[in-house]
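What follows is the residue order along each chain.
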Amino acid sequence: MLLSRLRKSPAAPHRGTRSLSRLLRSAGLCAMTAALVIVPAHSASAKSTSAQGEPSPRVVGGTRAALGEFPWMVRLSMGCGGAMYTNQLVLTAAHCVGSTGNNSSITATVGVVDLQDSSAIKRQSTYIHRSPTYGTSTGGDWALIKLATPITGVATLPIATTTAYNTGTFTVAGWGAASEGGPQERYLLKAQVPYVDDVTCRDAGPYYSDLIFAAELCAGRMDVGGVDTCQGDSGGPMFRRDSANAWIQVGIVSHGDGCARPSAPGVYTEVSTFASAIQAAAASLGGGGGPGACGPFTNANNVNIPDAGAAVTSPVTVSGCTGTASSSSQVAVDIKHPYRGDLVIDLLAPDGSSYRLKSASGDSGDNILTTYTTNVSSETRNGTWRLQLRDAYSQDVGYLDSWSLTL
Ligand code: ARG
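Given the structure is predicted, the values throughout are model-derived calculations rather than measurements. (Residues numbered from 1 in each chain as written. Predicted model: local features only at pLDDT ≥ 70, side-chain atom pairs only at ≥ 80, totals over all residues. Heavy atoms only, no water.)

Q: Sorry, what's going on with the overall build of the protein here?
A: Helix and strand counts for the protein come out as six helices and 25 strands. Going through the 407 residues of the protein one by one, you find that 54% of them count as buried. Summed over all atoms, the accessible surface of the protein reaches about 15,800 Å², with 52% contributed by carbon and sulfur. (Helix = DSSP H or I, 4+ residues; strand = E, 2+ residues; numbered from the N terminus. Buried < 20%, exposed > 50% of the residue type's maximum accessible area, 1.4 Å probe, protein only. Areas by Shrake-Rupley, 256 points an atom, 1.4 Å probe, with all protein chains shown as cover.)

Q: What is the right way to read the pairing of strand S22 (residues 354-358) from this model?
A: On a regular strand, one side chain projects to one face of the sheet and the next to the other, so that they alternate. Where strand S21 (residues 343-348) meets S22, four bridges bridge the pair, whose relative direction is antiparallel. By the bridge assignment for S22, Leu347 is matched with Tyr355. Joining the antiparallel neighbours S21 and S22 is a turn of five residues, in which Gly352 adopts a positive phi near 95°. (Pairing = 2+ DSSP bridges.)

Q: Teacher, can you tell me more about unusual backbone geometry here?
A: If a residue is not glycine, its phi is most likely negative; likewise, a peptide bond is most likely trans. Positive phi, close to 70°, is recorded for Asn245, a residue that is not glycine. Counting through the fold element by element, Asn245 comes out in the loop between strand S14 (237-241) and strand S15 (247-256). Of note in the backbone geometry, Ser263 takes a positive phi value of approximately 55° without being a glycine. As for its placement among the helices and strands, Ser263 is situated in the loop between S15 and strand S16 (266-270). With relative accessibility at 32%, the residue Ser263 sits in the partly exposed group.

Q: Even after reading the chapter, I still don't get the pattern of salt bridges, so can you show me in this structure?
A: Pairs may arise between side chains of opposite charge once their charged atoms sit close together. As enumerated under the stated definition, the model contains ten salt bridges in all. Of the charged contacts in the structure, one is a salt bridge between Lys190 and Glu69, with a shortest N-O distance of 2.7 Å. You can see Lys190 sitting in strand S11 (residues 189-196) and its partner Glu69 sitting in the loop between strand S2 (63-64) and strand S3 (73-76), a full 121 residues away along the chain. One salt-bridge network, held together by shared partners, links Glu180, Asp257 and Arg261. (Salt bridge = Lys/Arg side-chain N within 4 Å of Asp/Glu carboxyl O.)

Q: Help me out: how do you make sense of the state of the cysteines in this one?
A: Linking two cysteines covalently through their sulfur atoms gives a disulfide. Following the criterion strictly, the structure yields three disulfides and no others. Across the disulfide from Cys201 sits Cys218; the S-S distance is 2.0 Å. The S-S bond linking Cys201 to Cys218 shows a torsion near -75°; that makes this disulfide left-handed. Taken as a pair, Cys201 in helix H5 (residues 198-202) and Cys218 in strand S12 (residues 216-219) lie far apart in primary sequence, 17 residues in all. Judged by its relative accessible area of 0%, Cys201 falls in the buried class. (Disulfide = S-S within 2.5 Å.)

Q: What's the story with the layout of surface pockets in this structure? I'm lost.
A: Unoccupied space between atoms shows up once a probe the size of one water molecule is rolled over them. Approximately 270 Å³ is the volume found for the second largest pocket. Surrounding the second largest pocket, 18 residues form its lining, Thr161, Gln279, Ala332, Ser402 and Ser404 being those nearest its centre. Sorting the residues of the lining of the second largest pocket by element identifies helix H6 (271-285), strand S20 (329-336), strand S23 (368-374) and strand S25 (398-406) as the ones contributing at least two each. If one sorts the elements of the lining of the second largest pocket by residue count, H6 sits on top with four residues. (1 Å grid on protein atoms, 1.4 Å probe; cavity = no way out; pocket = protein on both sides within 12 Å on 5 of 7 lines; lining within 4 Å. Points joined across faces, edges and corners; volume = space filled by probe spheres on them.)

Q: Help me understand the confidence of the model for the protein in this model?
A: Close inspection of predicted coordinates is inappropriate in any region flagged by low pLDDT. Confidence in the prediction for the protein averages 84 pLDDT; 83% of positions are at 70 or higher. Counting interchain partners and residues more than four positions distant, the pLDDT-below-50 stretch residues 1-60 has 150 contacts. Scored below 50 in pLDDT, residues 288-293 shows 17 contacts in the model against residues more than four places distant or in partner chains. (pLDDT = per-residue confidence, 0-100. Contact = heavy atoms within 4.5 Å.)

Below, the structure written as structure tokens:
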């Protein structure tokens, strides 16, 4: 029903409408007027089907997420989504928030799919960092919200730091409208949307004519529509699996021409473009895991990993940080290797204590581009940390391209 209705609707707004919508977005009004959520193609049937638990043929559209499936999903009280970036920072859209500075007006809800679940974890905001390039020709619809206190043990969603994952099929999730113009949802919905290249997206209609290629990433079903994010999903993550099969965030719900219309993809902030700006902002905000900023610290020097040989290490010197490390410290690695199952990876603390990040396995895939979360809370932060790599089996060789540590 949604599909046929949408097919009859006008193909696209004229340029004036589109310019107005961009103006409103720049003014940060979108989230105020309409909160986004995932818009499943057959949103109406998806809802009732999920509620009744009966199977029905559904090729496109959204379904309910299970409790714990996307544990880093955040609902923000102004009607937006977000994702836990550290245990005290939420990554969301710039157009969802006001200007940079102290702000205690936002409530973040975490740890539930049902917003009325009494076990929800809630935190107030204390500070907003809104991307300084948002609303400029460079683009950058992202913001970090610092929470009053960390959420101990919460899962976080690592962000893509290269363009490698800006392709394929993405997952989106949110509590926004399940149909264009519809109400916000009580239960978290999820859906899958295919990548749409920049040129196809820009040419999809007048609305998309000033797509910012480097700053925006499009996704949706060009042919039939039916699956999309929508009002109230803004700020929420678009994500996929990385080379180690872990979730990685590639986009932030930003805008679109209506919801789920054919030839009208959703437009997402291109996270990889802003990854270093996000990391730098997070470091300056603190909340990188515990009180006080610490990281990321990076070593981008290549280190060859000898075949079935001795362990090699790459150092990172941490300074200017106080106290002990976080129980959810993050180790981002970029390893080029034709048979990653051969590799054993450990993090060595300054005092030599070793923490296993990955064991050898039969995984024949190539390369490792992922972020490991590890509990090193008994370790003092300052000092020289090392990433230790060992190839346990013969035949394939590779190298460490870069790695970074956030304590
Ligand atoms: N700007 C909207 C909001 O703030 C998000 C719209 C997303 N639209 C889409 N078709 N994917 O809620």
